[in-house]
Structure formats: C-alpha cells, structure tokens
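# Residue-level structural notes
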Amino acid sequence: MKIVILGGVAAGTKIAAKLMREGRNNEVLILNKGADISYAGCGLPYYVGHVIEEKESLIVNTPQKYEALTGARVLTRMEAVEVDRDAKQVTAVHLDTREKTVYSYDKLVIATGASPVRPPIEGVDLENVFFMRTPEDAIALRNLISDGGIKRAVVVGAGYIGLEIAENLAKDGVKPFVLDMAPHVLPGFDEEFATYIEGKLADAGIPVVTGVRVTGLEGEGGKVKKVLTDRKAYKADLVVLSAGIRPNTAFLDGTGLEMVKGTLLTNEAGQTNDPDIYAAGDCAMVHSAITGKPAWSPMGSTANINGRIIAQNIMGKELRYRGSLGTAVCQLPGLNVGRTGLTEAQAKAEGFDPISVVTIVDDKAHYMPGAATFTMKLIADRSTQRLLGVQVAGPGAVDKIVDITVTAIQCGATLDQLDGADFAYAPPFSTAIHPFAHTLNVLKNKLSGAFETFTPAEFAQGLAKDYRIVDASLKPTIEGAPYVTGPLKDFGPEEKLLLICNKGKRAYLLQNRLKAFGYQHVKVLEGGNLFTDISLD
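Cut-offs used in this document
- Residues numbered from 1 in each chain as written.
- Predicted model: local features only at pLDDT ≥ 70, side-chain atom pairs only at ≥ 80, totals over all residues.
- Heavy atoms only, no water.
- Core = buried A, V, L, I, M, F, W, Y, C linked by side-chain atoms within 4.5 Å.
- Buried < 20%, exposed > 50% of the residue type's maximum accessible area, 1.4 Å probe, protein only.
- Helix = DSSP H or I, 4+ residues; strand = E, 2+ residues; numbered from the N terminus.
- Contact = heavy atoms within 4.5 Å.
- Phe/Tyr/Trp six-rings, centres within 6.5 Å; stacked < 30°, edge-to-face > 60°.
- Lys NZ or Arg CZ within 6 Å of the ring centre and 35° of its normal.
- Expected span 1.5 Å × (residues − 1).

### As for the nonpolar core
By size, the foremost hydrophobic cluster in this structure holds 44 residues, and its most contacted members are Met376, Leu387, Phe436 and Leu499. No other element matches the seven residues that helix H9 (residues 398–410) contributes to this core. Residues in contact with leucine 387, not counting those within four places in the same chain, are Leu378, Ile379, Ala380, Thr405, Ala408, Ile409, Ala413, Leu415, Leu418 and Phe436. If you look at the next biggest cluster of nonpolar residues, it comprises 42 residues, including Ala138, Tyr160, Cys330 and Val358.

As structure tokens, then:
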C-alpha cells in the first residue's frame, strides 16, 4: 500500500513508524515542510532556560536516522500545495529549488500541524521579536540572551507555552512581563483557580496583565523597544509572541474536506469525510470524551495517541479514538499546575448540574523533607456523581492527581466507585489517605450535607455578605475577625457564621462541633485564606 504523510513532527512520524511495523511491504513517504522532523516542540522553553543544554537534544530523530530505523522514506523542505482527491495525488514544491512534484497515494494522512498566530500589527518584523514553534526559534532566543544586554522581556500570550517561556526567561536573569487578551491565564481553568495561579505568578516575580490587547510594537535602530497596548506601553528588550496557533490547512481550500475553524474534522477512526484521507495532530479536530462534541486538542500526546490508532486503521483494523479531555500540565516557578475534563463553567454549559469542592491537602507525609500541599478543585455531576474534571496546583507531582482523574473519567467512574481505592502510600510519596481520596471524601461530605460551604467563587460573588466571618485557624490570621475554637459565647445559634481557617480543615472540624451545639447557619469557606485573600475592610 502506498501511503503519503504530509508533516513529520509528532503525528506524522508516529503514523509512519507504526505503518511500517504493521506491514513491512508498505510504501510510506513523509513530505515535511521543515528541515527537521520529530523535534521536541514542547521542550523548546526548557532549552531557552538551560534546563536542556544541548540543542541536539531537541531533535528526536534526523531524517536519515529515522529512515534507517523505520524503513519509511522522508523528504524535507517539501511543502504540499495541492491535493487532488479524484486523482488521489498530492502536489508538493521544494522550498529551495521551487520544483514541483506530484505524488500518488492509496491513503493520505494530513499531519501538517499549526503555525504561530502572527498578529496583524506593526512591528512584528523588528529584531528581537520571536515566535516559539521550532528548534531554530529557541536556539535564536537563547543565543540573543547569552550575548548579553537583555534585561526586560514581554511575552504576549498567557497560555502554557507563554508561561513556560516566561519562567525560563526568568531563569536566564531576564525580567518577564506577560500580556494576554483573555480575562485570565491558562485556558481550561475556572476563574477563581486561574486567579489563584496569577497570584502565585506575581509572587514569583512574573506579573501578568490580562484583558489587554496588543496594538503594535515600536523599535529603535531596527530592534524592538516597546509593546503598545490599548491600556499603556511596556518597555521590552525582546518580545515573544505566543498568542495562539493556526492550523496549516490553507492549501486544502477547495478540496471539499470538512473543516471546523481551519481544522480538519475527523471521526473516531481518524478519517476525514474522504475515507482515504486521515488527519492527526494540531491540524485535526477530534472530539470530547465527555460530550462527544468536536474538540481541538493541539497536544503532542493527542497526536501520538491518534497517530497510533490511524496507522492500525489504515492497515484494516477498526480502532476508535476515545476522545480528548483537554488534559494539560505545566511547570511554573515553584508551582506545577494541571487539569483535565470539564471546568465547572463548561459543565454547566453542557447541561450538567455540577458540584465542586476546593481543598488544600498535604502532597506527602507532612514530616517528610520537601512536603508541601496540593490545591485541588474536583468537579462531579450532582445527580449521577459522575466525575467530570479536576484542577490542581502545587510544587509537587500534580500530574498524578490529573492522571488518576483521567483514568476515572475515561472509565465513567462515579464518586462512590472511586471511594476506598487502594492508592499507593509511603511517606515520601503520599499521605495515608491519598490527596485525591481526601478531596473525594470532602466532596462526598458536601453532597451529603455534612459539609456546608461557600466555594471561593461564591464568596467572590458576594453570596456570603450576610455571614459574619469567624477565624478558625490554629493561630489568629484574619485581622479584625473573632477567633474561636469551641462554643461561641457572643453569638446566638441563629446567627449566620462563616468559618475560615488556612486550608479549610480546622473550619470543618469547628463546623461539626458547632452544629452539635445547636448552631444552624454555619458555613465554611473552601480552601480557606490560603486560596482566597480575606480582608474585612
């Protein structure tokens, strides 16, 4: 079988390698626009910050090594410019010689990826303005910083790559400033959780300004010196534009292939509306594992999962992609963040009746060196108790919380089915009651009515304004609030009281006691004052 693959980074090379393992008689050809294939795009920020020292480490395979390893043929600097579905042919142009060549196929795979959004503003062609998509981008940026004289940087875009670049610029001694049009950082987090992350970034010396639109770049002597916005101007010795990506599918206009916002719509088998044409990676639209609706998941993990499935389906198997959960994890200064599934806002929009809880729990035995906490938001459907999503932050292994949740959601697990799971425990790794299990227990207590709360979002909306704040911390921490640990002499059992401690645990214990003493309107602020800044002014 003759299979032509357009694109040779994550999805394309995975598909070609699997096709050759499945059938050594296959004739597999990769046409790749760039000179490099199979490079570590997600590792680029870490090369900038010297976490990865050698630039060669960014290239997983050269075309020559890949051909020898897999048996697939690779042609680089070849850009596909036309697909003729009727003739089953692809026309590609060599970017150096401009020579056009036509390639026939039995099956075609489109894995052309995506390119950085180039804002339609003046100044993007100035020196010291960077995108971050290829190894060349990261190499040029690090070389500039190494030459000296770079003190201030503006990163446009507060998504995962933008924040990772900001973190690694800071490691290089460059003061980063992050701007974004969106109301908050990191898509896929609820508003109060994103606000919490923004506060931690500011504490780490990475200020973020959201809800701001970049209108232009100004230079001096051909080099960028200032970023203009609809609010104010920001000085910059370099600028990194990380304001999103756009699928590389313009060459397919007029082919009749179905697209959604420039991405190729695929079914569970990875096929487009042409059964002989498949698509994977950043140029493909997959579907949500929870709602079944189209979902864009421009992640290397999704590309590899889908690529493996597509290769086997081309060879006659009938495998199905189970869907994306929008799973993501990110390393920030002193804080790792991760998420999967639906946010609470998304769950409401999809017709669920979500219930959530925010907890701050130990990430390992508190007496172990390096012990810290996880801040978690767990979301489930109220009526079915089906787990819907999680958001988590902390200096430790947040990915294990995310991965547990992924497994549970993919298996359709309910809170009851997860209750009592035998998670791994030893003091260096976890707590006797696993952090995920702890949060699960708290959410179940909330569902049963044993734990009555205001969420941080409800508190921010002013829903607790009729409640008197009571400090339930180990030591007084809220200036101006009465501090108690037992029966309240100055308050009647009918008074509305909001108990707040550092994390929420001591407030829950006090709530339990006060209910036994006859207090009827006592609530706890989830996450305590470590998640929400409390001021009685």
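### Topic: the packing of aromatic side chains
Two aromatic rings, taken as a pair, are described by how far apart their centres are and by the angle between their planes. Following the criterion strictly, the structure yields eight aromatic pairs and no others. Ring geometry for phenylalanine 189 against phenylalanine 193: centres 5.8 Å apart, planes inclined by 25 degrees, an arrangement best described as stacked. A single burial state applies to phenylalanine 189 and to phenylalanine 193, both of which are buried. Arranged with centres 5.9 Å apart and planes meeting at 75 degrees, the rings of phenylalanine 423 and phenylalanine 436 form a pair that is edge-to-face. Separated by 13 residues along the polypeptide, phenylalanine 423 in the loop between helix H10 (415–418) and helix H11 (435–448) and phenylalanine 436 in helix H11 bring together distant segments of the chain. The exposure class of phenylalanine 423 is partly exposed, given its relative accessible area of 22%. Put simply, the rings of Phe189, Phe193, Tyr196 and Phe531 pair up and form one aromatic cluster. The aromatic ring of phenylalanine 454 is capped on one face by lysine 523, whose charged end is 4.5 Å from the ring centroid.

### Some details on helix H5 (residues 160–171)
Spanning twelve residues, H5 covers 17 Å between terminal C-alpha atoms, matching the ideal 16 Å at 1.5 Å per step. Most of H5 sits out of view: nine of its twelve residues are buried. Within H5, burial applies to Tyr160, Gly162, Leu163, Glu164, Ile165, Ala166, Glu167, Asn168 and Leu169. Of the residues trailing H5, glycine 173 is marked for its positive phi of about 85 degrees.

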